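Architecture at a glance
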Protein chains: 2
Amino acid sequence: MGDLPAVGEGKRGEDGHLGYLLRQAAHAHRQRVEQRLGDLGLTLPQFSVLTMLAAYPGHSSADLARLALVTPQTMSVIVANLLKAGLIVRTPHRVHGRIQSIALTDAGEATLGDAKQRVYALEAEMLRDLAPEAQAAIRQWLTRITQPEAA
Amino acid sequence: MGDLPAVGEGKRGEDGHLGYLLRQAAHAHRQRVEQRLGDLGLTLPQFSVLTMLAAYPGHSSADLARLALVTPQTMSVIVANLLKAGLIVRTPHRVHGRIQSIALTDAGEATLGDAKQRVYALEAEMLRDLAPEAQAAIRQWLTRITQPEAA
DNA sequence: TGCCGTTTATCAGAGCTCTGATATGTTATT
DNA sequence: AATAACATATCAGAGCTCTGATAAACGGCA
């Protein structure tokens, strides 16, 4: 029944299917991030949401969902867990009675500051020894296939 | 409180963080695949497992977990759902009393054949109009950051 | 032979993600 | 003013993914 190939060999390497490579790369990165964020009790999606809130404060869960390209239900779960951890607070919107504006707490700011250093160091590692043209090609491609029209 | 950027603009585009771009690209691809596989009732992880079993038949759930870079528990869930759908079967290993060898059923083969055409067409779309050097750079990078040493 | 470490499989609990459905509040149309 | 359309939030159910713990079967070594 044949032996199994090692990571990076044959179909598990550069000859593999792009979807497979893409999934594994994203997965490996997430694992590395959450390993380094373990003692902060922060997941990668949670880190993303905190980062978004720091850049665009006062927005709603629905806004964040659009920003992260996830459904409102998904964002609702992440927001609930951040609330439970005391890293964000929700206040009723002044004008719109249904909207809940979200902002970072002091604890949220502090945790985000800690986490950013670690995550950004990891990102620099990913690009180490990469030619500028290669970096540009990768960024362009990732951006392109994220667009709905790339279908 | 400022407006939100559109997909592909500012931090949501080529200037964004790599981890963010990587996550969104993998996510967008998965969504597109599962949309096209919807009538087969197949998810992307399930498709991956069927493909692996076609290439390396007779292996165990633990083998598949190593192949897909996921934990045995995760693979156990996927295998259970494929069993429930009748796309795979498990038989006790001849020599080793604990191992369960897994193989595709006829239904599994047929479903995989259907799915492959759609998924591969999607992959070709992702690479359309891409220079060979850019393709190579992307494949190399994805392979590299999947390796544990890329940390 | 008997114990120890490894491998396989599985149970429990948690977070992220989806689709589908429902309730409520806002805005536009008639 | 009443209705329709839209946005926000939430509940329910499902699949994927993890960590941690447990049990069973195999292999090697004292």
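Residues numbered from 1 in each chain as written. Chains lettered and ligands numbered in written order. Predicted model: local features only at pLDDT ≥ 70, side-chain atom pairs only at ≥ 80, totals over all residues. Heavy atoms only, no water.

Broken down by element type, chain A carries six helices and two strands. Along chain A, from the amino end to the carboxyl end, the secondary structure elements read α-α-α-α-β-β-α-α. Considering chain A as a whole, with its 151 residues, one finds that 46% of them fall into the buried category. Taking all contacts inside chain A whose residues are at least 6 apart in sequence as the whole, residues at least 24 apart take part in 48%. Roughly 7700 Å² of accessible area belongs to chain A as shown, and the carbon and sulfur atoms make up 53% of that amount. (Helix = DSSP H or I, 4+ residues; strand = E, 2+ residues; numbered from the N terminus. Buried < 20%, exposed > 50% of the residue type's maximum accessible area, 1.4 Å probe, protein only. Contact = heavy atoms within 4.5 Å. Areas by Shrake-Rupley, 256 points an atom, 1.4 Å probe, with all protein chains shown as cover.)

Considering all chains together, one arrives at eight salt bridges over all chains under this definition. For the salt bridge of A:Arg128 with A:Glu125, the shortest nitrogen-to-oxygen distance reads 3.5 Å. The partner of B:Arg118 in a salt bridge is B:Asp39, with the nearest N and O atoms 2.7 Å apart. Here B:Arg118, found in helix H5 (residues 106-127), pairs with B:Asp39, found in the loop between helix H1 (18-36) and helix H2 (44-55); they are 79 residues apart in sequence, far enough to count as distant. With a relative accessible area of 26%, B:Arg118 lands in the partly exposed category. (Salt bridge = Lys/Arg side-chain N within 4 Å of Asp/Glu carboxyl O.)

Around DNA strand D, the surrounding shell holds 29 residues, and the nearest of these are A:Arg98, A:Gln100, B:Thr43, B:Gln73 and B:Thr74. In the interface set of DNA strand D, defined as its atoms within 4 Å of the protein, sugar plus phosphate atoms amount to 69%. In the environment of DNA strand D, a phosphate oxygen lies 2.3 Å from a nitrogen or oxygen atom belonging to the side chain of B:Thr74. Of all elements in the fold, only helix H1 (18-36) and helix H3 (61-68) of chain A together with H2 and helix H4 (72-84) of chain B reach the threshold of two or more residues within the surface near DNA strand D. If one sorts the elements of the surface near DNA strand D by residue count, H4(B) sits on top with six residues. Partitioned by chemical class, the residues of the surface near DNA strand D number eight nonpolar, 14 polar and seven charged. (Near = heavy atom within 4 Å. Polar contact = N/O pair within 3.5 Å; in protein donor to acceptor, adjacent residues only side chain to side chain. Nonpolar A, V, L, I, M, F, W, Y, C, P; charged D, E, K, R; others polar.)

This paragraph deals with the protein's contact with DNA strand C. Near DNA strand C, the surroundings consist of 29 residues, among which A:Thr43, A:Gln73, A:Thr74, B:Arg98 and B:Gln100 are the closest. A share of 69% is what sugar and phosphate atoms reach among the atoms of DNA strand C within 4 Å of the protein. Separating a phosphate oxygen of DNA strand C from a side-chain N or O atom of A:Asn81 is a distance of 2.8 Å. The set of elements that each furnish at least two residues to the surface near DNA strand C consists of helix H2 (44-55) and helix H4 (72-84) of chain A together with H1 and helix H3 (61-68) of chain B. For the surface near DNA strand C, the leading source of residues is H4(A), giving six residues.

Here the focus is the environment of A:Glu109. In this fold, A:Glu109 is placed in helix H5 (residues 106-126). By relative accessible area, A:Glu109 is classed as partly exposed at 48%.

So, about the packing of H2(A) against H5(A). All names here are of chain A. At a closest axis distance of 10 Å, the pairing of H2 and H5 adopts a crossing angle of 115 degrees. Classified by the angle between their axes, H2 and H5 sit roughly perpendicular to one another. Considering how the two elements wind past one another, H2 and H5 form a crossing that is left-handed. Residues Phe-47, Leu-50, Thr-51 and Ala-54 of H2 form the contact with H5, whose own contacting residues are Gly-108, Leu-112, Ala-115, Lys-116, Val-119 and Tyr-120. In terms of residue class, the contact of H2 with H5 is made up of seven nonpolar, two polar and one charged. (Axes fitted to C-alpha atoms, helices over the stretch in contact; angles between N-to-C directions. Parallel < 35°, antiparallel > 145°, perpendicular 65-115°, else oblique. Left-handed = near helix turned anticlockwise from the far one by under 90°.)

Time to look at H5(B). Since the α-helix packs 3.6 residues into each turn, any two residues three or four apart lie on the same face. Residues and elements named next belong to chain B. Taking 1.5 Å of rise per residue, the 22 residues of H5 would be expected to cover 32 Å, and the 32 Å separating its terminal C-alpha atoms lies within 8% of that figure. Residues Gly-108, Thr-111, Leu-112, Ala-115, Val-119, Leu-122, Glu-123, Met-126 and Leu-127 constitute the buried set of H5. Of the residues trailing H5, Asp-129 is marked for its positive phi of about 65 degrees. (Expected span 1.5 Å × (residues − 1).)

Right, let's talk about unusual backbone geometry for a bit. Phi at A:Leu69 is positive, roughly 60 degrees, even though this residue is not glycine. Note on placement: A:Leu69 falls in the loop between H3 and H4. Looking at A:Leu69, the relative accessible area reads 28%, which means it is partly exposed. With phi around 65 degrees, B:Asp129 is a residue other than glycine that occupies positive phi space. Within the element layout of this structure, B:Asp129 appears in the loop between H5 and helix H6 (132-146).

No statement about biological role is implied by the geometric values presented.
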